[in-house]
Amino acid sequence: MKPTEESRKIGLARALSKLGFCSRSQAATLIREGRVRLNGAQRRDIETPVRLGRDRIEVDGNPVAAESRVYLMLNKPRGVLTTASDEKGRDTIYSLVDKEMPWVAPVGRLDKASEGLLLLTNDSEWGARISDPDSHLDKIYHVQVGARVDQTLADKLAQGVLADGDLLRAKRALVLRAGEKNTWLEIVLDEGKNRQIRRMLEQFGIEVLRLIRVAIGPLALGQLAKGKSRDLTIEEKDAVDCALRISRRKTPRLEKR
């Protein structure tokens, strides 16, 4: 029999994250600092077992209850960091999110120089499913490069490029439009490797001028203004869940021996 949510035990740090209180790394810090109590007893082990829905968790003496689920899309501007805080005082995505809403975490990342669609949620399991390489959700990027290129280059990106011993490949790539000195490409990835698009183009000596993520799976950035965020509609959330279920069925699994 499959254990119910209330009987299944998970680690204390994960429990705080799952309840939408903070990220798992932030929870670990709170626990190690002695600020977390479980059923009245102070705990400093981040893996202390917790039964969600039955055990009582407190942080700084305040009870922690499950927050309502939040699913946001943000149009991240260039120059903003995808992080909770920055020691240099640079702008982060949290300066763009309503301070009154529950804590949310980014789903994946966009580097400082990249723009466009970024998802945020306090549903850590949902975010992990989207970020999982096995999800193979298409991520669509519009990329402006500082050179005039044609479909030949786009085809090479789809064939795969070796960079620092790592094979990087676009699922699809095509030329959107070309000017005298630059070109806009549409590049589709179904796996996420660090700075993948920039690293691929570097192998051809091509500079990326702008990199904008315009879609994740069935979610499109649309007309959302730069620096603004909004809740996903019920239909959008359902569409992502459906896409995840389909991709999971398509992903081959190794048989257990």
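The notes below deal with the structure included here. Please read these numbers as outputs of a predicted model, since none were measured by experiment. (Residues numbered from 1 in each chain as written. Predicted model: local features only at pLDDT ≥ 70, side-chain atom pairs only at ≥ 80, totals over all residues. Heavy atoms only, no water.)

**Some thoughts on the overall build of the chain**
Broken down by element type, the chain carries six helices and 17 strands. Each principal axis of the C-alpha distribution contributes one length, and for the chain these read about 70 × 50 × 40 Å. Per-residue burial over the chain gives 44% buried out of 257 residues. In the chain, 64% of the contacts between residues at least 6 apart in sequence involve partners at least 24 apart. When the accessible area of the chain is evaluated, it comes to approximately 14700 Å², of which 48% is carbon and sulfur surface. Of note, the chain has its 48 positive side-chain charges centred 2 Å away from the centre of its 37 negative side-chain charges. (Helix = DSSP H or I, 4+ residues; strand = E, 2+ residues; numbered from the N terminus. Buried < 20%, exposed > 50% of the residue type's maximum accessible area, 1.4 Å probe, protein only. Contact = heavy atoms within 4.5 Å. Areas by Shrake-Rupley, 256 points an atom, 1.4 Å probe, with all protein chains shown as cover. Lys, Arg positive; Asp, Glu negative; His and termini not counted. Charge placed at Lys NZ, Arg CZ, Asp CG, Glu CD.)

**Topic: the pattern of salt bridges**
Across all of its chains, the model carries 16 salt bridges by this definition. The salt bridge involving D55 is made with R51; its shortest N-O contact spans 2.9 Å. With its nearest N and O atoms 3.3 Å apart, the salt bridge here joins E202 to R195. Classification of R195 by relative accessible area gives partly exposed; the value is 36%. (Salt bridge = Lys/Arg side-chain N within 4 Å of Asp/Glu carboxyl O.)

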